[in-house]
Amino acid sequence: MEVRAKKALGQHFLTDQSIARSIVAALELPEEMKSSVLEIGPGMGVLSQYLLARPEVDLRMIEIDNESVDYLTRHFPSAAGKVIYGDFLKLGLDSLFPESFNVIGNFPYNISSQIFFRILDFKERIPQVVCMIQKEVAERIAEKPGSKTYGILSVLLQAWYDIEYLFTVGSGAFAPPPKVQSAVIRLKRNSRTSLGCDEAMFKNIVKTSFGQRRKTLRNSLKPLVAAKASREGWDADRIAEFTASPVFELRPERLGVEDFISLTRQIQ
Ligand code: SAH
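Every chain is numbered independently, its residues counted from 1 as its sequence is written. Only residues with pLDDT of at least 70 are given local features in this predicted model, and only at 80 or more are side-chain atom pairs given and counted; all residues enter the totals for whole chains, interfaces and linings. Side-chain numbers here rest on the full set of heavy atoms in the structure, without hydrogens or water.

## As for the site of the ligand
Short version of the rule: Residue proximity to a molecule or strand is established when one non-hydrogen atom of the residue lies within 4 Å of it. As used in this structure description, the phrase polar contact means that two N or O atoms lie within 3.5 Å; if the pair is within protein, one of them must be able to donate a hydrogen and the other to accept it, and residues adjacent in sequence are counted only when both atoms belong to side chains. Surface accessibility in these figures is a Shrake-Rupley result with a 1.4 Å probe; residues are shielded only by whichever protein chains are displayed. Using only the protein atoms, space was sampled on a 1 Å grid; points where a 1.4 Å probe fits but cannot get out form cavities, open sets with protein on both sides within 12 Å along at least five of seven lines form pockets, and lining residues are those with an atom within 4 Å of a point. Pocket or cavity membership: a molecule qualifies when more than half of its atoms sit within 2 Å of the grid points of that site. The way it works is that DSSP assigns letters per residue, a run of H or I at least four long becomes a helix, a run of E at least two long becomes a strand, and they are numbered from the N terminus. Residues are grouped as follows: Ala, Val, Leu, Ile, Met, Phe, Trp, Tyr, Cys and Pro are nonpolar; Asp, Glu, Lys and Arg are charged; all remaining types, including Gly, are polar.
Residues in close proximity to the ligand total 21 residues, the closest being Leu14, Gly41, Glu63, Asp87 and Asn106. Here an oxygen atom of the ligand and a side-chain polar atom of glutamate 63 are 2.6 Å apart. Contact with the protein chains removes 97% of the 570 Å² of surface that the ligand exposes when unbound. More than half of the atoms belonging to the ligand lie within 2 Å of the grid points that define the largest pocket. Broken down by secondary-structure element, the contributors of at least two residues to the shell around the ligand are strand 1 (13-14) and strand 3 (57-63). Considered class by class, the residues forming the shell around the ligand number 10 nonpolar, seven polar and four charged.

Here it is as structure tokens:
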């Protein structure tokens, strides 16, 4: 018996084996040692089967659907003890992976942003991510500044990861076919160890400015500048002088990671 696809869980099972092989092959790991790999949402194991066949992969899978968990353990004896029944967003990653681990999966598209925010929380331990997501989201994440779709996740992920758009996958490769096209991307941790500015403030500035992306930074960041002004005891003239800097004329999609860092240094 196959697993009955459940829409609420974002279940679209990849049926094209050659695409599955390409996704698994896109995960680049050293061959001379074992590397921990976490697969998010294995479903019926179309990726897992190829991951289990790679000797350098120490695989764990996290799956929220008990029917899929049953299917996996029945069909893949080598998956025994490696499938965790639960929600990735609530998984205790600290105890499961005290050291580094890589992430792979055909992500449930309805929670892909939340998955990326969680990956960012563990960025010091996640050197590489290979995933299939909705094509628009993939483009947005990989996009450079200046484009309409460049947004919060583009900046936050690009701050810590080098991102490659690998290939597009049509909806015909899935059962049932999703309404949208898909794409596979690879994220590799870059060499950055610190932003050189307050990290929480950086996130806050990125989120606040894209929260009102049609406004200039002068308008959208007003509350943060006001908070700075009260900390520093600035009067209105000093505030006007501060926000006269040309960067405040811009909308957030024009700023790259480095620009957001220097803006944070000014406002923190
Ligand atoms: N990897 C499979 C399935 C992809 S569909 C394939 O390529 O065919 C997405 C999978 O993620 C489904 O199996 C779904 O049950 C699972 N899933 C959805 N939400 C999840 C969550 N919060 N944590 C773990 N798995 C989840």
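Alright, that's what it looks like, and here's the rest.
## Things to note about the side chain of glutamate 253
The condition that has to hold: Residues are treated as being in contact if the distance between any of their heavy atoms lies within 4.5 Å.
Examined against the element boundaries, glutamate 253 turns out to sit in the loop between helix 11 (236-242) and helix 12 (257-267). What glutamate 253 contacts, discounting residues up to four positions off in sequence, is Pro145, Gly146, Ser147, Tyr150, Phe210 and Arg213.

## Structural notes on the pattern of salt bridges
Keep this limit in mind: By salt bridge we mean one thing: a side-chain nitrogen of Lys or Arg within 4 Å of a carboxyl oxygen of Asp or Glu. Classification of residues uses two cut-offs on accessible area relative to the type maximum, computed with a 1.4 Å probe and protein chains only: under 20% is buried, over 50% is exposed, and between them is partly exposed.
In total, this model carries 16 salt bridges according to the counting rule given. For lysine 188, the salt bridge is made with glutamate 28, and the minimal N-O distance between the two is 2.7 Å. Within this pair, whereas lysine 188 is found in strand 9 (residues 182-189), its partner glutamate 28 is found in the loop between helix 1 (17-25) and strand 2 (35-40), the two being separated by 160 residues in sequence. Judged by its relative accessible area of 27%, lysine 188 is partly exposed. For arginine 54, the salt bridge goes to glutamate 56, with nearest N and O atoms at 2.9 Å. The same class applies to arginine 54 as to glutamate 56, namely buried. Each member of the salt-bridge network shares a partner with another, and the members are Arg4, Lys6, Asp65 and Glu67.

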